[in-house]
Amino acid sequence: MVAKSGGRLILSTEQFEQEVLLSESDENQLPVLVLFSAPWCGPCRLTNPVVKEVMKQYQTKIEVVEISTDDLPEVAADAGVLSIPTILIYYGGEVRDTIVGCVAKNVLARSVDKVLEDLGMLDEE
């Protein structure tokens, strides 16, 4: 199911574990950008188009998923999410970067670049 951010909507704890935490078993794995949000959250609605643009920009370099903290509060709590929107970038089942609050596209893109560079996956253009 596609979320408002354009990423896949995570609907269960098991799906989160499989698609985000256990992805280290896949040798072709990509970093996973996880947007924690809620339908009633104004700043989350402002974040959706930013995430969508970054997802298009890095379409072959990252996966994007979204989690509603209303539907999966235990996943958000286990991830240490205290406020929304929060974006966590995972790789190998570990958090590589965290962004809290509504940010501009260039800030989110810089964060993705940093993670990709740290992993040796950033292609210089």
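Asker: Even after reading the chapter, I still don't get the state of the cysteines, so can you show me in this structure?
Answerer: According to the stated counting rule, one finds one disulfide in the structure shown. Two residues share a disulfide in this structure: Cys 41 and Cys 44, whose sulfurs sit 2.4 Å from each other. One disulfide, between Cys 41 and Cys 44, carries an S-S torsion of 75° and so falls in the right-handed class. The closest cysteine sulfur to the non-disulfide-bonded Cys 102 is located on Cys 44, 8.5 Å from its own sulfur. Judged by its relative accessible area of 40%, Cys 102 is partly exposed.

Asker: Can you help me understand the packing of helix H2 (residues 42-57) against helix H4 (residues 105-118) in this one?
Answerer: When two helices pack together, their arrangement is given by the angle between the helix axes and the distance between those axes. Running from N to C, H2 and H4 point in directions that differ by 45°, and their axes come no closer than 9 Å. In this view, H2 runs oblique relative to H4, as classed from their interaxial angle. In terms of crossing hand, the pair formed by H2 and H4 is right-handed. Contacts from Val 50, Val 51, Glu 53, Val 54 and Gln 57 in H2 reach Lys 105, Leu 108, Ala 109 and Val 112 in H4. When its residues are assigned to classes, the contact of H2 with H4 shows six nonpolar, one polar and two charged.

Definitions and limits used
Residues numbered from 1 in each chain as written. Predicted model: local features only at pLDDT ≥ 70, side-chain atom pairs only at ≥ 80, totals over all residues. Heavy atoms only, no water. Disulfide = S-S within 2.5 Å. Buried < 20%, exposed > 50% of the residue type's maximum accessible area, 1.4 Å probe, protein only. Axes fitted to C-alpha atoms, helices over the stretch in contact; angles between N-to-C directions. Helix = DSSP H or I, 4+ residues; strand = E, 2+ residues; numbered from the N terminus. Parallel < 35°, antiparallel > 145°, perpendicular 65-115°, else oblique. Left-handed = near helix turned anticlockwise from the far one by under 90°. Contact = heavy atoms within 4.5 Å. Nonpolar A, V, L, I, M, F, W, Y, C, P; charged D, E, K, R; others polar.

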